[in-house]
Amino acid sequence: MKKGARKKIIVSSIIIAVILFVGVLIYNYSSFFEKKNVGMSPIEENIYSLTDQLISLNSGVQLASVEQQQQKTAQMKDIAIKREMLMLQLAKENPNAFLDVVSKSVKLATVPAEIQPYIEKSFSSTASVDVMIYDDFASNKSWNEYTLNLKGDTTTKYQTQKLEFYPTRDLNVISGTSVSLSGYKLQNVAVANVDKNLQVLSTPPLDSIGDQKTLVLLVDFLDSGERPFTKEQAQQMIFGVDSTFQKFYKENSYGKVSFSGDVYGWYTLQRSKDEGGHGVDNFDFDGSFQIIAENNIDISSYDRIIELVNPLYGVGGWSFIGKYEKTINNVEYRVSNAVVGVQFMPWGSSDNDRFMWNWEYGALIHEMGHSLGLLHASGWDCDNQVL
């Protein structure tokens, strides 16, 4: 073979190899891009797009002139703020997807210092978890909300940092459970894979046996209308020997649980019943503790607090699972807390049940079960079938 022909063959082979190599790169990139977008929600697609924009701008910021650096940094800040808002939303809606995005965004660790506050950061810590459960009886739905109490250090002057906590699945723990975990923080939100990165260290006592010293607050609004019962009636309906509430817990605990305490109110919050409170409802625990503080109610002798709210919107009731720590007027208390709406049926009506029963009694008993440390047991309605 002539020398010139051999050279042409070698050059042709190199060109073909380069074409094939580029083709493989393009195929792999497109395949990755397609896989990355399979099954994605619009919010995830937007986050990935914004992340790519940040990485692209960041790649050239170091070599740019001072003026160009300022322009690029300003652009990056606008993009980072948009991404942060979407990431916070994703953390609440889909913690697993949030962590997946984080794992694919490692290059954001090198963005300028001005951008870092808008980017999620890893953390490892010991903390306590508080668990609140919401019950929408009308729609037969319930959901949990978690607060992570991170132990303070020298950077926070040893003050506990409270974060909204979004685990990758529901936790079967009571409030005050001590855990060791690692995850990611963004603003006041924390996300963690609880199957891989959370370990329960200790669980507080339930204190659910014996006489439960209970404070009841009656709460309404400026436009609540007629009150469904008096303070004296509430005292009898909850703490009376023959009340449905007492009889139910006495029977189901085999005589090991009883309730004694006091009813305060009515207290009228200085706002409309339609003004929003905590998320889906129109009343939150801060409202009750404001009442306690403003009226100098001594809660040191109580283990449990119940708020009967007229009316309560959005859910039938909610409660912490077990007791949690609350500071009022610079004094720390460990109490349980439950809220029940009382607007749907008149108290004291009866059903064909063995107890004097109505919606509020059912909701009150249900939420107190959570306060005593019970999670939802779930169950099967077997009708007349035999298992």
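Residues numbered from 1 in each chain as written. Predicted model: local features only at pLDDT ≥ 70, side-chain atom pairs only at ≥ 80, totals over all residues. Heavy atoms only, no water.

Visitor: What am I meant to see in the overall build of the protein chain here?
Guide: A count of helices and strands for the protein chain gives 9 helices and 12 strands. Taking all 387 residues of the protein chain together, 43% fall into the buried category. In the protein chain, the share of contacts with a sequence separation of at least 24, taken over all contacts with a separation of at least 6, comes to 69%. In the form shown here, the protein chain has an accessible surface area of approximately 21600 Å², with 52% of it arising from carbon and sulfur atoms. (Helix = DSSP H or I, 4+ residues; strand = E, 2+ residues; numbered from the N terminus. Buried < 20%, exposed > 50% of the residue type's maximum accessible area, 1.4 Å probe, protein only. Contact = heavy atoms within 4.5 Å. Areas by Shrake-Rupley, 256 points an atom, 1.4 Å probe, with all protein chains shown as cover.)

Visitor: Whenever I open this one, the environment of Lys162 confuses me. Can you help?
Guide: Its location among the elements puts Lys162 in strand 3 (residues 161–167). Between the alpha carbons of Lys162 and Leu148 there is a distance of 5.7 Å; along the sequence they are 14 residues apart. Side-chain polar atoms of Lys162 contact the side chain of Asn149, separated by 2.7 Å. (Polar contact = N/O pair within 3.5 Å; in protein donor to acceptor, adjacent residues only side chain to side chain.)

Visitor: Even after reading the chapter, I still don't get the packing of aromatic side chains, so can you show me in this structure?
Guide: To describe a pair of aromatic rings, you give the distance between the ring centres and the angle between the ring planes. Applying the stated criterion to the full structure yields 9 aromatic pairs. Between Phe245 and Tyr249 the ring centres are 5.5 Å apart and the planes differ by 65°, which places this aromatic pair in the edge-to-face class. With a gap of 4 residues between them, Phe245 and Tyr249 both fall in helix 7 (residues 244–252), about one helical turn apart. Taken together, the ring pairs connect Phe245, Phe248, Tyr249 and Phe259 into an aromatic cluster. Sitting over the face of the ring of Phe123, Lys185 holds its NZ or CZ atom 5.8 Å from the ring centroid. (Phe/Tyr/Trp six-rings, centres within 6.5 Å; stacked < 30°, edge-to-face > 60°. Lys NZ or Arg CZ within 6 Å of the ring centre and 35° of its normal.)

Visitor: Help me understand the nonpolar core in this model?
Guide: Looking at soluble globular proteins, one finds that nonpolar side chains tend to be buried together. Among the nonpolar cores identified, the biggest contains 29 residues, and Ile47, Leu54, Met87, Leu90, Phe98 and Val191 are the most heavily contacted of them. Elements that contribute at least two residues to this core include exactly helix 2 (42–61), helix 3 (66–93), helix 4 (95–103) and strand 5 (189–192). The greatest single-element share of this core, amounting to 8 residues, is contributed by helix 3. Once residues lying within four places of it in the same chain are set aside, the contact partners of Val191 are Ala91, Pro95, Phe98, Leu99, Phe123, Phe165, Tyr166, Gly183 and Tyr184. One finds Tyr134, Ile297, Leu312 and Phe320 within the second-largest nonpolar core, a separate group that totals 24 residues. (Core = buried A, V, L, I, M, F, W, Y, C linked by side-chain atoms within 4.5 Å.)

Visitor: It is not clear to me how the side chain of Thr168 should be interpreted in this structure. Could you clarify?
Guide: Tracing the sequence through the fold places Thr168 in the loop between strand 3 and strand 4 (177–186). On the accessibility criterion, Thr168 (15% relative accessible area) is buried. A distance of 3.2 Å separates a polar atom in the side chain of Thr168 from the backbone nitrogen of Val194. For Thr168, the residues in contact, after removing those within four places along its chain, are Pro95, Asn96, Leu99, Ala192, Asn193 and Val194.

Visitor: I'm lost on the environment of Leu148 in this one. Help?
Guide: Here Leu148 is to be found in strand 2 (residues 141–150). As for Leu148 and Val179, which are separated by 31 residues in sequence, their C-alpha atoms are 9.6 Å apart.

Visitor: What should I look at first to understand the pairing of strand 11 (residues 324–328) in this one?
Guide: Along any regular strand, the residues point their side chains to alternate faces of the sheet. By the bridge criterion, 5 bridges tie strand 11 to strand 12 (residues 331–341) in an arrangement that is antiparallel. Residue pairing for strand 12: Ile328 is matched across the bridge by Val331. Between strand 11 and the antiparallel strand that follows it, strand 12, lie 2 residues; Asn329 among them carries a positive phi value of about 50°. (Pairing = 2+ DSSP bridges.)

Visitor: I keep staring at the pairing of strand 5 and nothing clicks. Help me out?
Guide: Neither face of strand 5 is left uncovered, since the one carrying Val189 and Val191 and the one carrying Ala190 and Ala192 both have all their residues buried. Two strands pair when backbone bridges link them, and strand 3 and strand 5 are joined in this way by 4 bridges, in the parallel orientation. Bridging across to strand 5, Phe165 finds its partner in Ala190. Summarising the sheet, strand 4 and strand 5 pair through 3 bridges and their orientation is antiparallel. If you follow Tyr184 over to strand 5, its bridge partner there is Val191.

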